[in-house]
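# Working through the structure, step by step
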Amino acid sequence: MMKKVLILLFALIASFALSACKKTDDKKIIIALEATGDIPEKFQEQIDRFTEETGIEVEIQTYAGADNYEKAILGQIAGKQAPDVFWTDGGVKLREYAEAEAIQPLDDLVTMDLDNFEQSLLDAFEYDGKLYGIPKDYNTTVLFYNEDLLAGDVPTTIEAFKTQVEASTTGTGADKVYGFGMDPKLNYYLPFIITMGAEIINADGSINETALDSAEHKEALQMLKDMYDSDFATSPAIENAGWDGELFGNGKVAMLYGGSWITGVIGEGLDAGIASLPVKNEDSSMLFVAGWVISSQTKNEEEAVKLIEFLSSDEELVQGNIDGLIGLPPTVSAMNELIERKSNDPYLPVYREVVKNGFAFGSISPKFIDNYNTAIENMLYDEVSVNNTVTAIKNYK
């Protein structure tokens, strides 16, 4: 009898020991992101698929609002409790994390084909010759046009663009339609500046002081000023509109240069299309790109890499776009698959092309952006000359 009891006791102890070992081996990683609405629920579904495939448990931390998210991440890093994986914008913020050694380089960690990612997006996550982030999604900029309001063909050159802006301006008062509309900020106007030959921002985000004073830069600013001074162009501020997409959606402009998210306001009654930037020297667009990074504090490096590679797979990128989890997929293969899945979407093929020559907005100093945008507003709304505008732009330090 005692022997049977001891055997049963040893069996129970062994069972508890195996259970304890299993719990020790089971690793849970933490991923953090900024998300609201139904995004957390949709993202949980994506994470559930990852856990089912790999057996790796994941805890999701979500924060409402970009400011709250960034404060939380910085606080966790300072408190040595950083999430294993989190996302950040490419450019300035990525560089700040890398300089502080808060995130680790990924060149020797990831096994997926990095050549499948658009190089313009990868560039935003490089620092000191190393890759610190994997692009998760992006938005870009294009020329939106209203077929019913455009006076002729969609312009492909700057000269044709200027002609069309004037020719497409019609009517007066409340019935007036402007040839062009834009939220006049560096956020959207930089591609025009670049194609006109002024490389005012270097590839690493530093300011090209010589180019600020160049004839090409002044020519680009003068073109913008002329359109507004001649009353051929308008802006959300002039029209008391909430944002630039409202100008286009309400039929106030024949053409508008803005972000790819504007396609959301194009209704069934609007005969609209998009095109790449009219060019003078080279193609250009603005890129708004975010990416996944791995904390230097992580003790689950291998699992963190597996999670990022899972989220970067064609299947998850395409489904993520469909579910509203991401903007445009950052890999060539996923974008191609999305175009096949959304064969009735006429905009995706254009986005696929313009991303190749894009510049990451996040690479530019926020202080320079704020100063530049104030200078442009003063030029357009307070009749400041181009020369004085350039002087004001140079006082960003």
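Residues numbered from 1 in each chain as written. Predicted model: local features only at pLDDT ≥ 70, side-chain atom pairs only at ≥ 80, totals over all residues. Heavy atoms only, no water.

A few words now on the overall build of the protein. Helices and strands together make up the secondary structure of the protein, namely 17 helices and 12 strands. Summarising its shape, the C-alpha atoms of the protein cover approximately 105 × 45 × 35 Å along the three principal directions. The buried share among the 397 residues of the protein stands at 50%. Across the protein, contacts joining residues at least 24 apart in sequence account for 74% of those joining residues at least 6 apart. Both charge centroids of the protein, one from 30 positive and one from 66 negative side chains, sit 8 Å from each other. (Helix = DSSP H or I, 4+ residues; strand = E, 2+ residues; numbered from the N terminus. Buried < 20%, exposed > 50% of the residue type's maximum accessible area, 1.4 Å probe, protein only. Contact = heavy atoms within 4.5 Å. Lys, Arg positive; Asp, Glu negative; His and termini not counted. Charge placed at Lys NZ, Arg CZ, Asp CG, Glu CD.)

Ranked by size, the top nonpolar core spans 76 residues in total, and within it Phe 86, Phe 144, Leu 307 and Tyr 351 carry the most contacts. Ignoring sequence-local partners within four residues, the contact set of Phe 86 consists of Ala 32, Tyr 69, Ile 73, Ile 77, Tyr 97, Ile 103, Gly 291, Trp 292, Val 293 and Ser 295. (Core = buried A, V, L, I, M, F, W, Y, C linked by side-chain atoms within 4.5 Å.)

Using the criterion set out here, one finds 14 salt bridges in the structure. Residue Lys 280 is joined to Glu 219 by a salt bridge in which the shortest nitrogen-to-oxygen separation is 2.9 Å. In this pair, Lys 280 sits in the loop between strand S10 (272–275) and strand S11 (285–294) while Glu 219 sits in helix H9 (residues 215–229), placing the two residues 61 residues apart along the sequence. Note that Glu 353 and Arg 352 form a salt bridge whose closest N and O atoms lie 4.0 Å from each other. (Salt bridge = Lys/Arg side-chain N within 4 Å of Asp/Glu carboxyl O.)

Let's shift gears to H9. For H9, which comprises 15 residues, the first-to-last C-alpha distance of 20 Å matches the rise-based estimate of 21 Å (1.5 Å per residue) to within 8%. Among the residues making up H9, those that are buried are His 217, Ala 220, Leu 221, Met 223, Leu 224, Lys 225, Met 227 and Tyr 228. After H9 finishes, the residue Asp 231 shows a positive phi value of roughly 65°. (Expected span 1.5 Å × (residues − 1).)

Below, the discussion takes up a negative patch on the surface. On the surface, a cluster of negative charge is contributed by Asp 38, Glu 41, Glu 45, Asp 48, Glu 52, Glu 53, Glu 57 and Glu 315. It is helix H2 (residues 39–54) that contributes the most residues to the negative patch, 5 residues altogether. Within the fold, Glu 41 resides in helix H2. (Patch = residues over 30% accessible without salt bridge, like charges linked within 9 Å, V, L, I, M, F, W, Y side chains within 5 Å. Areas by Shrake-Rupley, 256 points an atom, 1.4 Å probe, with all protein chains shown as cover.)

Right, let's talk about unusual backbone geometry for a bit. A negative phi holds for most residues other than glycine; trans holds for most peptide bonds. Even without glycine at this site, Lys 80 takes up a positive phi of about 60°. By the element assignment, Lys 80 lies in the loop between helix H3 (66–78) and strand S3 (85–89). Residue classification places Lys 80 among the exposed residues on the basis of a relative accessible area of 67%. You will see that Asp 231, though not glycine, has its phi angle at about 65°, which is positive.

Now for the side chain of Ser 235. With respect to the helices and strands, the residue Ser 235 is situated in the loop between strand S8 (233–234) and helix H10 (236–239). Setting aside chain neighbours within four positions, we find Ser 235 in contact with Met 182, Pro 184, Tyr 228, Leu 247 and Tyr 381.

Taken as a whole, this structure holds 17 aromatic pairs when the rule is applied. With 6.4 Å between their ring centres and 55° between their planes, Tyr 188 and Phe 288 make a pair best called tilted. Residue Tyr 188 is found in helix H7 (residues 186–195), and its partner Phe 288 is found in strand S11; the two are separated by 100 residues along the sequence. By way of ring pairs, the aromatic residues Phe 161, Phe 180, Tyr 189, Phe 192 and Tyr 257 are connected into one cluster. (Phe/Tyr/Trp six-rings, centres within 6.5 Å; stacked < 30°, edge-to-face > 60°.)

To continue, consider the packing of H7 against H9. At a minimum axis separation of 9 Å, H7 and H9 run at an interaxial angle of 125°. Considered as vectors, H7 and H9 are oriented oblique to each other. In this structure, H7 crosses over H9, and the sense of that crossing is right-handed. Residue-level inspection shows Tyr 189, Phe 192 and Ile 193 of H7 in contact with H9, the latter providing His 217, Ala 220, Met 223 and Leu 224. Of the residues that constitute the contact of H7 with H9, the class distribution is 6 nonpolar, 1 polar and no charged. (Axes fitted to C-alpha atoms, helices over the stretch in contact; angles between N-to-C directions. Parallel < 35°, antiparallel > 145°, perpendicular 65-115°, else oblique. Left-handed = near helix turned anticlockwise from the far one by under 90°. Nonpolar A, V, L, I, M, F, W, Y, C, P; charged D, E, K, R; others polar.)

An α-helical turn contains 3.6 residues, so any two residues separated by three or four positions project in the same direction. Every buried residue of helix H4 (residues 92–99) is listed here: Val 92, Leu 94, Arg 95, Tyr 97 and Ala 98. Turning to H4, the residues buried within the fold contact H3, S3, strand S4 (126–127), S11 and helix H16 (366–381). Backbone geometry just after H4 places Glu 101 at a positive phi near 55°.

Direction of pairing for strand S1 (residues 28–34) relative to strand S2 (residues 57–63): parallel, over a ladder of 7 bridges. Bridge pairing in S2 places Ile 31 opposite Ile 60. Since S1 and S2 lie parallel, the crossover through H2 that links them has a hand, and here it is right-handed. The pairing of S1 with S3 spans 2 bridges and is classified as parallel. Following the sheet pairing, Ala 32 is matched in S3 by Phe 86. (Pairing = 2+ DSSP bridges. Right-handed = clockwise from strand over helix to strand, strands pointing away.)

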